[in-house]
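Structural description and commentary
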Amino acid sequence: MIRRAVVDDVAAVTSVVITAGMFGTEDEAFLKELFGDYFDAKEVEGHAFVVDVDLSGVRGMAYYQPEAAADRIWNLTMIAVRPDQQGRGIGRALMTYVENALREGGQRLLVVETSATTQYARTREFYAQQGYDEEAQVRDYWSDGDV
């Protein structure tokens, strides 16, 4: 079941993001701050944070936000699925949820950014399977040396 995230989900979501390999354990404080900011103010600014849950707990998450100074453009800031749950359609369900929510809200474009490094090869493949086209590559975007 996909629902809006609540404060009590932050620890589980942080674990999902780290175990999925999006961030390292050294980023745990940053992630908790990011998700905490959502509940403190970002939700009011239009950001959206959803989780996929079942009886085992949080299986996946998606965070998306409006692009500042752009007409109805949104950014998929983060999506992750617990490694033991990958390949079961959870990521696709989260993407469909996000896309439908934006479509129903009259939004016009969802931008998905990811790294071109080897670490994110499966991520790029996932987006291609969902029908997303690569529009550009910006060298050194996330950090120096990121292709």
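Residues numbered from 1 in each chain as written. Predicted model: local features only at pLDDT ≥ 70, side-chain atom pairs only at ≥ 80, totals over all residues. Heavy atoms only, no water.

Focus on the pairing of strand S5 (residues 109-112)
- Relative to S5, strand S4 (residues 73-81) runs parallel, the two sharing four bridges. From the neighbouring strand, Trp-74 faces S5, where its bridge partner is Leu-110.
- Taken together, S4, helix H3 (residues 90-104) and S5 form a β-α-β motif whose crossover is right-handed. (Pairing = 2+ DSSP bridges. Helix = DSSP H or I, 4+ residues; strand = E, 2+ residues; numbered from the N terminus. Right-handed = clockwise from strand over helix to strand, strands pointing away.)

Looking at the layout of surface pockets
- Roughly 1200 Å³ of volume is contained in the largest pocket.
- When residues of the lining of the largest pocket are traced back to their parent elements, those giving at least two are helix H2 (28-42), S4, H3 and helix H4 (121-129).
- Here the residues of the lining of the largest pocket sort into 18 nonpolar, 18 polar and six charged. (1 Å grid on protein atoms, 1.4 Å probe; cavity = no way out; pocket = protein on both sides within 12 Å on 5 of 7 lines; lining within 4 Å. Points joined across faces, edges and corners; volume = space filled by probe spheres on them. Nonpolar A, V, L, I, M, F, W, Y, C, P; charged D, E, K, R; others polar.)

Side note on the pairing of strand S3 (residues 57-66)
- Of all ten residues in S3, seven are buried, a share of seventy percent or more.
- As paired elements, S3 and S4 share seven bridges and run antiparallel to each other. Pairing of Gln-65 across the sheet is with Asn-75, part of S4.
- What sits between S3 and S4 in their antiparallel hairpin is a turn of six residues, with Ala-69 showing a positive phi close to 60 degrees. (Buried < 20%, exposed > 50% of the residue type's maximum accessible area, 1.4 Å probe, protein only.)

Here's the deal with the side chain of Arg-59
- Topologically, Arg-59 is positioned in strand S3.
- Arg-59 has contacts with Val-16, Asp-52, Val-53, Asp-54, Ala-80, Val-81, Arg-82, Gln-85 and Ile-90, leaving out every residue within four places of it along the chain. (Contact = heavy atoms within 4.5 Å.)

Remarks on the packing of aromatic side chains
- In the structure shown here, the tally under the stated rule is ten aromatic pairs.
- Look at Tyr-64 and Trp-74: their rings are 5.8 Å apart centre to centre, the planes differ by 50 degrees, and that puts the pair in the tilted class. Placement of Tyr-64 in strand S3 and of Trp-74 in strand S4 is noted, with a sequence separation of ten residues between them.
- Classification of Trp-74 as buried rests on a relative accessible area of 12%.
- Ring pairing ties together the aromatic residues Phe-35, Tyr-38, Phe-39, Phe-49 and Tyr-63, which thus form one cluster. (Phe/Tyr/Trp six-rings, centres within 6.5 Å; stacked < 30°, edge-to-face > 60°.)

Overview of the sheet that holds S4
- Read from one edge to the other, the open sheet built from five strands follows the order S1-S2-S3-S4-S5, with strand pairing classed as mixed. The open sheet has two free edges, formed respectively by strand S1 (2-4) and S5, since each of these has just one partner strand. Averaged over neighbouring strand pairs, the angle between their axes works out to 30 degrees when direction is ignored.
- Pairing of strand S2 (residues 48-54) with S3, which is carried by seven bridges, proceeds in the antiparallel orientation. Bridge pairing in S3 places Val-50 opposite Ala-62.
- Across the face of the sheet, helix H1 (residues 10-19) comes into contact with S2, S3 and S4 while running at roughly 90 degrees to S3. (Axes fitted to C-alpha atoms, helices over the stretch in contact; angles between N-to-C directions.)

Some remarks on the nonpolar core
- Residues Val-13, Val-17, Phe-35, Phe-49, Val-51, Met-61 and Met-78 are the most contacted members of the largest nonpolar core, which totals 18 residues.
- Going through the elements one at a time, H1, H2, S2, S3 and S4 are the ones with two or more residues in this core.
- Among all residues touching Met-61, those that are not within four sequence positions of it are Val-13, Val-17, Phe-35, Phe-49, Val-50, Val-51, Met-78, Ile-79, Ala-80 and Leu-94.
- Counting 15 residues, the second-largest nonpolar core is a separate cluster that includes Ile-90, Met-95, Val-98 and Tyr-127. (Core = buried A, V, L, I, M, F, W, Y, C linked by side-chain atoms within 4.5 Å.)

Some details on the packing of H1 against H2
- Interaxial distance between H1 and H2 falls to 10 Å at its minimum, and their mutual angle equals 135 degrees. Relative to H2, H1 is oriented oblique. Remark: the crossing between H1 and H2 carries right-handed chirality. Contact residues: H1 offers Val-10, Val-13, Thr-14, Val-17 and Ile-18, while H2 offers Glu-28, Leu-31, Lys-32, Phe-35 and Phe-39.
- Considered class by class, the residues forming the contact of H1 with H2 number seven nonpolar, one polar and two charged. (Parallel < 35°, antiparallel > 145°, perpendicular 65-115°, else oblique. Left-handed = near helix turned anticlockwise from the far one by under 90°.)

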